[in-house]
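Here's the letter readout for the chains.
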Amino acid sequence: MGIILTLAMAVSITVGSSPDQVLRTIEGILSAREIPIAQISRGGLTTGWVEIDLEELPPYIIDNLPDDDPGWTRARFTLAIRGEKLKDKSQVSIDAQFERYGTKYRYMLVP
């Protein structure tokens, strides 16, 4: 099993609630979706790795894969979420790391 692709991306949004309130809401959403939380620290949290099969991806993603035979069968992701207080708002940063791996055929690795 070799890693085919590692992708990291980040997004930052500003909201009108306190950072603690936003992080509690996010923690509830992650819990409802059964996404494990690996670490909670003051002002942030990090999820554990979440494994997904190619078949579990939403149809939109599968229909828009850049290759009809992507050569990978599994993926996983982790999130690092941080909140900080601005003047009268909060800024929330979400860093996501996504990896896809696994091969359909023993010797095939297609990027």
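An account of the accompanying structure is given in this report. Here the structure is a predicted model, which means the values were calculated and not measured.

**Focus on the overall build of the protein**
What the protein contains, in helices and strands, is two helices and six strands. Secondary structure elements in the protein, listed N-terminal to C-terminal, are β-α-β-β-β-α-β-β. When the 111 residues of the protein are sorted by exposure, 30% land in the buried category. Once local pairs closer than 6 in sequence are excluded, the contacts in the protein between residues at least 24 apart make up 64%. As presented, the protein carries roughly 7600 Å² of accessible surface, and 54% of it is formed by carbon and sulfur atoms.

**Brief notes about the pattern of salt bridges**
The final tally for this structure, using the stated rule, is two salt bridges. Among the ionic pairs, Glu99 bridges to Arg76, the shortest N-O distance being 2.9 Å. Linking Glu99 in strand β6 (residues 90-101) with Arg76 in strand β5 (residues 74-85), this pair joins segments that are 23 residues apart in sequence. Given a relative accessible area of 6%, Glu99 falls into the buried group.

**Overview of helix α1 (residues 19-32)**
Counted at 1.5 Å a residue, the expected span for α1 with its 14 residues is 20 Å, and the 20 Å between its end C-alpha atoms agrees. Taken as a whole, α1 has its buried residues at Pro19, Val22, Leu23, Ile26 and Leu30. Along α1, the residues classed as buried sweep out an arc of 95° about the axis, all on the same side. Residues Arg24, Ser31 and Ala32 are exposed on α1 and point more than 90 degrees away from its buried face.

**What to know about the pairing of β6**
For β5 and β6, the ladder comprises twelve bridges, and the chain directions are antiparallel. Within β6, the position partnered with Arg74 by the bridge is Tyr101. A loop of four residues connects β5 with β6, the two strands running antiparallel in sequence.

**So, unusual backbone geometry**
Backbone geometry places Glu34, a non-glycine residue, at a positive phi of 60°. Mapped onto the elements, Glu34 comes out in the loop between α1 and β2 (37-41). Its relative accessible area of 72% is what places Glu34 among the exposed residues.

Definitions and limits used
- Residues numbered from 1 in each chain as written.
- Predicted model: local features only at pLDDT ≥ 70, side-chain atom pairs only at ≥ 80, totals over all residues.
- Heavy atoms only, no water.
- Helix = DSSP H or I, 4+ residues; strand = E, 2+ residues; numbered from the N terminus.
- Buried < 20%, exposed > 50% of the residue type's maximum accessible area, 1.4 Å probe, protein only.
- Contact = heavy atoms within 4.5 Å.
- Areas by Shrake-Rupley, 256 points an atom, 1.4 Å probe, with all protein chains shown as cover.
- Salt bridge = Lys/Arg side-chain N within 4 Å of Asp/Glu carboxyl O.
- Expected span 1.5 Å × (residues − 1).
- Arc of directions from axis to C-beta.
- Pairing = 2+ DSSP bridges.

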